[in-house]
Number of protein chains: 2
Amino acid sequence: MEDALANRPHVIIVGAGFGGLEAAKKLGPENVRVTVIDRTNYHLFQPLLYQVATAALSPADIAAPVRAVLSKYKNVEVILAEVQSVDVEAKKIRTTDTEIGYDFLILATGARHSYFGHNEWEKLAPGLKSLEDAIEVRRRLLMAFEYAEKITDEAARKAAMTFVIIGGGPTGVEMAGAIAEISRHTLARDFRHIDPSQARVILIEGEPRLLAAFPKDLSASALKQLVDLGVEVRTATRATNLTETGVQVGNEFIPCRVKIWAAGNNASFVGKALGASIDRVGRVIVNDDLTISGHPEVQVIGDLANFSHQTGEPLPGVSPVAMQQGRHAARNVLAMIAGRKPQRFHYWDKGSLATIGRNRAVADLKFAHLSGLPAWLAWLFVHIVFLVGFRNRFLVLFQWAWAYFTFDKGARLITRNFQAEQRPPA
Amino acid sequence: MEDALANRPHVIIVGAGFGGLEAAKKLGPENVRVTVIDRTNYHLFQPLLYQVATAALSPADIAAPVRAVLSKYKNVEVILAEVQSVDVEAKKIRTTDTEIGYDFLILATGARHSYFGHNEWEKLAPGLKSLEDAIEVRRRLLMAFEYAEKITDEAARKAAMTFVIIGGGPTGVEMAGAIAEISRHTLARDFRHIDPSQARVILIEGEPRLLAAFPKDLSASALKQLVDLGVEVRTATRATNLTETGVQVGNEFIPCRVKIWAAGNNASFVGKALGASIDRVGRVIVNDDLTISGHPEVQVIGDLANFSHQTGEPLPGVSPVAMQQGRHAARNVLAMIAGRKPQRFHYWDKGSLATIGRNRAVADLKFAHLSGLPAWLAWLFVHIVFLVGFRNRFLVLFQWAWAYFTFDKGARLITRNFQAEQRPPA
């Protein structure tokens, strides 16, 4: 099999997120050899990561093994490795283990959160990009209530039951809503010395309104829905300092134990490693056909790309952009193999959704703006349809139905690291 | 509420495993004050831990938050803490945070695996007692195949695809069967350079037969069923040394990357801390009523107890023993409060089950010995019935049905520790 493949054009796809996976699926049935490289062994459905962080879903519910997703394409090989550098002149990439040559390269390594130069804040306020992030946030949330239940000092207890989310984009809004719900409903009856429904959830946004990428009426609706849930929203204000004991917000120091970062992204370092021009957050500035200048065999897609040819602004770092770019990049590869030119990319924006909680969401469907229950149903539908694999879809749907009717969230596990596990003295 | 409770007799239960949880449920509706202390926030359904380790189930599927399980009993308080010592004279226990007095104490802290004095083997061959253990074993299993796929050295590849399980009791048998199945079915089509179905699974048992606690005909059947699955079983032989690169078994050194320990248990250190007589594996030797000598207010149950009054041998460390002892200990507490004596415990042995794989199991139901499909159906039924919570029951059942018909196992995640997570160079 490998011998027959060796003569085909070799396409390397780095990153098995929404963009990379779509490109691989599109190229899977074609007369090419494809190598997909990712540093995890699973495709992560990032839009539902906040539900793992708030104990509604298990990690495996929103992750599908990359090998399994692509196993039916015999010309696609999957490698678990981290890319360290790209040599566009020699057409080679270097991973932690080895060096591999390519004919075509699709880079889709995404983004991590950015702390605006304050990397020391990462330990204090984890972000939400990976499963490990989500499990850590879940641990901190649940531990805060356990801690509050045990202590008697009133100020410390209040701080333990204050949750500050920094950043009022979709992730921040979703986290704030979910924490408010878990404290008001799921945990309400579980404790004897504290009342979890008294937890303070504070959402901080630097811009004058939440969900800045949404139309103004939906921002206002999101604000109202969050306030109804009991979330304190502070817009046009910034977190200027973070410490173990709290957050400095403008002139006020808010004592709090758990802080969650949802404020900014930095593109993967691979962009820099490429040597192409990058923007201020590390995204590669791509041509209107997704290629980089001077190297049409290299395409950059998804959160790693700065594509500004359509609106003058970079397209947002959301999954529909990544998926459409993934399919487009695959089509470009096939075109170039056939001796044609890569085509201009055009993003078809079907709208945006953000959920706030049970029956609460906003949806900008372009032709209509929805709030509350209709928006929430739209959100539900879209997320179930796009979740990879019937098994995951079903498990998620069942757990949502269960949570909807019982207010219970089943994945309330505080797990420790293996190495750090406390052992009894021998 | 707390004031009204303060005058009631105070029962502390340490450990929310099968024994502790049953005791708490039994005491929940009674006129006592109960404090349940556990070092995790969940009750773990240990008999299915091997399914988390082999990617069939998610951690949350076999774990239920202790608070949620007991939340309806308003006189039961749950504390997340680790017990460090017990002062039976002062009737006090000391946790990592505080000191608490009791009127009655039920100790149910269970066991960890024991390496027969070779504690350095623990890092080389993790056991299977906690969720962290299971996630680590899962990571090693899946990483072994990823590693084998990447390397070209034939000997190293063979070693990566050799899995040695040390200990042929129920856990060892279940792990060997599950690893054989995942390699022969689930992963079979996922790789391009290796054939996972060629993986060697070797099960080593020191005794002359597997499942020494089962009748001889069922041991023979288990052996046959494992061999049919392609497992190499070596009985009457011991692992005399473990290294990074392999296992010394008798005169043979078996090169292998992944080693799993299923050979022995040591009771929790709390037994020692009690100052009562303990046996060679740390279990507390209890009276025939589960109390310890001189202190009828202290009872020890489950894997932590050595109860030899019924058969002359200690009762086995299985969940039915723990559950029956938990209920009995609770009844004893109520009897003593009423001025009566604690009663002699009698274990009603309904039989034993061990599963080997799809349609493969053995069941000793006392009145009948079952093998293969009937035993497997019995195992399925018992485990679903006893799994805590409808939600977990349903999720597990669905995932088993899915796996049964598709050979797919959905929880194939290689997750890293948060602290150890590789970050891109800044």
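Scoring rules and cut-offs
Residues numbered from 1 in each chain as written. Chains lettered and ligands numbered in written order. Predicted model: local features only at pLDDT ≥ 70, side-chain atom pairs only at ≥ 80, totals over all residues. Heavy atoms only, no water. Helix = DSSP H or I, 4+ residues; strand = E, 2+ residues; numbered from the N terminus. Rg over C-alpha atoms; globule rule 2.2 N^0.38 Å. Buried < 20%, exposed > 50% of the residue type's maximum accessible area, 1.4 Å probe, protein only. Contact = heavy atoms within 4.5 Å. Areas by Shrake-Rupley, 256 points an atom, 1.4 Å probe, with all protein chains shown as cover. Lys, Arg positive; Asp, Glu negative; His and termini not counted. Charge placed at Lys NZ, Arg CZ, Asp CG, Glu CD. Phe/Tyr/Trp six-rings, centres within 6.5 Å; stacked < 30°, edge-to-face > 60°. Pairing = 2+ DSSP bridges. Axes fitted to C-alpha atoms, helices over the stretch in contact; angles between N-to-C directions. Right-handed = clockwise from strand over helix to strand, strands pointing away. Left-handed = near helix turned anticlockwise from the far one by under 90°. Nonpolar A, V, L, I, M, F, W, Y, C, P; charged D, E, K, R; others polar. Least-squares fit on C-alpha atoms with pLDDT ≥ 70 in both. pLDDT = per-residue confidence, 0-100. Polar contact = N/O pair within 3.5 Å; in protein donor to acceptor, adjacent residues only side chain to side chain. Buried area = accessible area lost by both parts, 1.4 Å probe. Salt bridge = Lys/Arg side-chain N within 4 Å of Asp/Glu carboxyl O. Core = buried A, V, L, I, M, F, W, Y, C linked by side-chain atoms within 4.5 Å. Expected span 1.5 Å × (residues − 1).

Draft legend 1. View of the overall build of chain A. Helix and strand counts for chain A stand at twelve helices and 25 strands. Against the 2.2 N^0.38 benchmark of 22 Å for 426 residues, chain A shows a C-alpha radius of gyration of 23 Å, consistent with a compact globule. Over its C-alpha atoms, taken along the principal directions, chain A stretches across nearly 70 × 60 × 40 Å. In chain A, buried positions account for 58% of the 426 residues. In chain A, the share of contacts with a sequence separation of at least 24, taken over all contacts with a separation of at least 6, comes to 64%. By element, 53% of the accessible surface of chain A is carried by carbon and sulfur atoms, the whole surface being about 16900 Å². Once the 49 positive and 43 negative side-chain charges of chain A are each reduced to a mean point, those two points are 3 Å apart.

Draft legend 2. Local environment of the packing of aromatic side chains. In total, this model carries 14 aromatic pairs over all chains according to the counting rule given. Centre to centre, the rings of Phe307 of chain A and Phe345 of chain A are 5.3 Å apart; their planes meet at 85°, and the pair counts as edge-to-face. Of the two residues, Phe307 of chain A sits in the loop between strand S22 (305-306) and helix H10 (319-337) while Phe345 of chain A sits in the loop between H10 and strand S23 (352-357), which places them 38 residues apart along the sequence. Judged by relative accessible area, which is 1%, Phe307 of chain A ranks as buried. For Phe345 of chain A, a relative accessible area of 3% corresponds to the buried category. Pairing Phe145 of chain B with Phe163 of chain B gives two aromatic rings, centres 5.3 Å apart and planes at 35°, and the pair type is tilted.

Draft legend 3. Representation of the sheet that holds strand S8 (residues 99-101) of chain B within the structure. Residues and elements named next belong to chain B. Pairing is antiparallel across the open sheet formed by three strands, whose spatial order is S6-S7-S8. Every interior strand has two partners, whereas the edge strands, strand S6 (83-87) and S8, have only one. Averaged over neighbouring strand pairs, the angle between their axes works out to 20° when direction is ignored. Where strand S7 (residues 92-95) lies against S8, three bridges are found, and the strand directions are antiparallel.

Draft legend 4. Region of interest: the pairing of strand S12 (residues 200-204) of chain B. Residue and element names in this part refer to chain B. Across the five residues that make up S12, a large majority, four, are buried. Pairing of strand S11 (residues 162-166) with S12 involves five bridges; the strand directions are parallel. Within the sheet, the bridge partner assigned to Ile165 lies in S12 and is Leu203. A crossover connection joins S11 to the parallel S12 through helix H7 (residues 170-186); in handedness this β-α-β unit is right-handed. Both S12 and strand S13 (residues 231-234) contribute to a ladder of four bridges, which runs parallel.

Draft legend 5. Spotlight on the packing of helix H2 (residues 18-27) of chain A against H10 of chain A. Residues and elements named next belong to chain A. Where H2 meets H10, the closest approach of the two axes is 7 Å, and the angle between their N-to-C directions is 35°. The crossing of H2 and H10 is right-handed. For the pair H2 and H10, the contacting residues are Phe18, Gly19, Glu22, Ala23, Lys26 and Leu27 in the first and Ser319, Ala322, Met323, Gly326, Arg327, Ala330, Arg331, Val333 and Leu334 in the second. Each residue belonging to the contact of H2 with H10 can be placed in one class, and the counts come to eight nonpolar, three polar and four charged.

Draft legend 6. Expanded view of the relation of the copies chain A and chain B. With an axial shift of 0.0 Å and an RMSD of 0.0 Å, the rotation relating chain A to chain B amounts to 180°. Interpreted geometrically, this transformation is the action of a two-fold axis.

Draft legend 7. Structural detail: the sheet that holds strand S16 (residues 252-255) of chain A. Residues and elements named next belong to chain A. Pairing in this open sheet of three strands is antiparallel, and the strands run S14-S15-S16 from one edge to the other. Edge strands, defined here as strands with exactly one partner in the open sheet, are strand S14 (239-243) and S16. In this sheet, neighbouring strand axes are inclined to one another by 20° on average, regardless of whether the strands run parallel or antiparallel.

Draft legend 8. Inspection of the confidence of the model for chain A at higher detail. All names here are of chain A. Mean pLDDT for chain A: 91, with 96% of residues reaching 70 or above. Of the regions scoring below 50 in pLDDT, residues 417-426 engages in 24 contacts with residues more than four places distant in sequence or in other chains. The ipTM for the predicted assembly is 0.86, set against a pTM of 0.90.

Draft legend 9. Inspection of the environment of Asp190 of chain B at higher detail. The topology assignment puts Asp190 of chain B in the loop between H7 and S12. Judged by its relative accessible area of 6%, Asp190 of chain B is buried. Between the C-alpha atoms of Asp190 of chain B and Ala155 of chain B, which are 35 residues apart in sequence, the distance is 21 Å. Ignoring anything within four residues of it in the chain, the contact list for Asp190 of chain B reads Arg67, Ala68 and Ser71 of chain A together with Arg412 of chain B. Side-chain polar atoms of Asp190 of chain B contact the side chain of Arg412 of chain B, separated by 2.9 Å.

Draft legend 10. Local environment of the interface of chain A and chain B. Each side of the interface is counted separately: chain A has 69 residues, and chain B has 69 residues. Between chain A and chain B the total buried area reaches about 6800 Å² when both faces are included, carbon and sulfur atoms providing 53% of it. Here chain A is connected to chain B by four salt bridges. Here Asp97 of chain B ties to Lys150 of chain A by a salt bridge, and the two come within 2.8 Å at their closest N and O atoms. Our enumeration of links across chain A and chain B arrives at 24 residue pairs in polar contact (both at pLDDT 80 or more). At the level of secondary structure, the elements contributing two or more residues to the side of chain A that touches chain B comprise strand S4 (63-65), helix H4 (66-70), strand S5 (76-80), helix H5 (131-150) and helix H12 (390-406) of chain A. Residue composition of the side of chain A that touches chain B, by class: 32 nonpolar, twelve polar and 25 charged.

Draft legend 11. Layout of the nonpolar core. Core analysis: the largest hydrophobic core is formed by 68 residues, its most contacted members being Leu48, Ile62, Ile165 and Met175 of chain A. Not counting the four nearest positions on each side in its chain, Leu48 of chain A is found in contact with Leu57, Ile62, Trp379, His383, Leu387, Val396 and Trp400 of chain A. With 66 residues, the next largest nonpolar core counts Leu49, Phe145, Ile165 and Ile182 of chain B among its residues.

Draft legend 12. View of the pattern of salt bridges. Using the criterion set out here, one finds 40 salt bridges over all chains in the structure. The salt bridge partner of Arg67 of chain B is Glu146 of chain A, with a shortest N-O separation of 2.6 Å. Placement of the pair is Arg67 of chain B in helix H4 (residues 66-70) and Glu146 of chain A in helix H5, with the two residues belonging to separate chains. When its relative accessible area of 6% is taken as the criterion, Glu146 of chain A is described as buried.

Draft legend 13. Geometry of the environment of Tyr147 of chain A. Looking at where Tyr147 of chain A falls in the secondary structure, it is placed in helix H5. If we skip the residues at most four places from it in the chain, Tyr147 of chain A touches Ala160 and Arg257 of chain A.

Draft legend 14. Representation of the side chain of Lys259 of chain B in the model. Residue and element names in this part refer to chain B. Within the fold, Lys259 resides in strand S17 (residues 258-261). We note that Lys259 is buried and unpaired, the nearest opposite charge coming from Glu244 at a distance of 5.9 Å. Here Glu244 takes part through its backbone oxygen, which lies 3.1 Å from a polar atom of the side chain of Lys259. Reaching out from Lys259, the side chain makes a polar contact with the backbone oxygen of Arg257 at a distance of 3.2 Å. Not counting the four nearest positions on each side in its chain, Lys259 is found in contact with Leu124, Ala125, Pro126, Val164, Leu242, Thr243, Glu244, Thr245, Gly246 and Val247.

Draft legend 15. Spatial organisation of helix H10 (residues 319-337) of chain B. Counted at 1.5 Å a residue, the expected span for H10 of chain B with its 19 residues is 27 Å, and the 27 Å between its end C-alpha atoms agrees. Phi turns positive, to about 85°, at Gly339 of chain B, one or two residues after H10 of chain B.

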